[in-house]
Amino acid sequence: MLSKHTKHFHEIDYNKRMKNYSLIILDRDGVINQDSDAYVKSVDEWIPLSGSLEAIAQLNAAGYKVAVCTNQSGVARSYFDIETLNAMHEKMATLLMQQDGHVDAIFFCPHGPDDSCDCRKPKPGMYEHALEHFQITSDDTLVIGDSLRDIQAAHSIGADAALVLTGKGEKTLAKAEGLDDVEVFADLADVVSHLLYE
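As a starting point, this report considers the structure included with it.

The next point concerns unusual backbone geometry. Outside of glycine, negative phi angles account for most residues, and trans bonds account for most peptide bonds. In the segment running from K121 into P122, the intervening peptide bond is cis, with an omega of 25°. Counting through the fold element by element, P122 comes out in the loop between β4 (105-109) and α4 (125-134). Positive phi, close to 55°, is recorded for Q135, a residue that is not glycine. On the secondary structure map, Q135 appears in the loop between α4 and β5 (141-145). One non-glycine residue, A176, adopts positive backbone phi at about 55°. Position of A176 among the secondary structure elements: in the loop between α6 (169-175) and β7 (182-185). The exposure class assigned to A176 is partly exposed, which follows from its relative accessible area of 40%.

So, about the state of the cysteines. For the structure shown, the criterion picks out 0 disulfides. No disulfide involves C69; its sulfur sits 10 Å from the nearest other cysteine sulfur, which is in C119. Residue C69 is classed as buried on the basis of its relative accessible area of 0%. In this model C109 remains outside any disulfide bridge; the closest cysteine sulfur is found in C119, 3.3 Å from its own. Look at C109 and you get buried, because its relative accessible area is 0%.

Our focus in this paragraph is the side chain of S73. Following the sequence through the fold, S73 ends up in the loop between β3 (65-71) and α3 (82-97). Not counting the four nearest positions on each side in its chain, S73 is found in contact with Y39, C109, P110, H111, G112 and R120.

About the thresholds
Residues numbered from 1 in each chain as written. Predicted model: local features only at pLDDT ≥ 70, side-chain atom pairs only at ≥ 80, totals over all residues. Heavy atoms only, no water. Helix = DSSP H or I, 4+ residues; strand = E, 2+ residues; numbered from the N terminus. Buried < 20%, exposed > 50% of the residue type's maximum accessible area, 1.4 Å probe, protein only. Disulfide = S-S within 2.5 Å. Contact = heavy atoms within 4.5 Å.

Geometric values such as these leave the question of function open.
This is the structure:
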């Protein structure tokens, strides 16, 4: 754990609450795999971040449900199609299997920012679908993301959130907006280490 922004979670027994979560919702680009300002547009461009797949496998072994909720406006922008997106996720699943890991469900928003959907973060639609799918409450859910929109969507459903400094995380932290009661970690592996071993 690197730093804490504003109020420290341990003042409200956050350490205990982290170990009692049932569902971990992960953003994809910048949390699990390398992000790109030019979008991750192909299977070859989908490159896992160091330690991220092992961290997911550790969550699986500890009994957590793991979901991915990801904005993929590259579909709406015609940078790639649904078949390519599915192929990226198949690559992720294959690499996870090599670590004895898996993702229990993937939710994605293919829409652009002007499409007025309810699923594009910071709107909470994907997270609401995840809670419904797993029949788990927001109190039992931790969202891990690298951007403000991940945090905002988490807060809108009443879930706790953690910010990682991979991907857009450092820029998000530097802006210091909307991060009250959000713990900051180096990367996904750091969050999982805190969940399981501290």
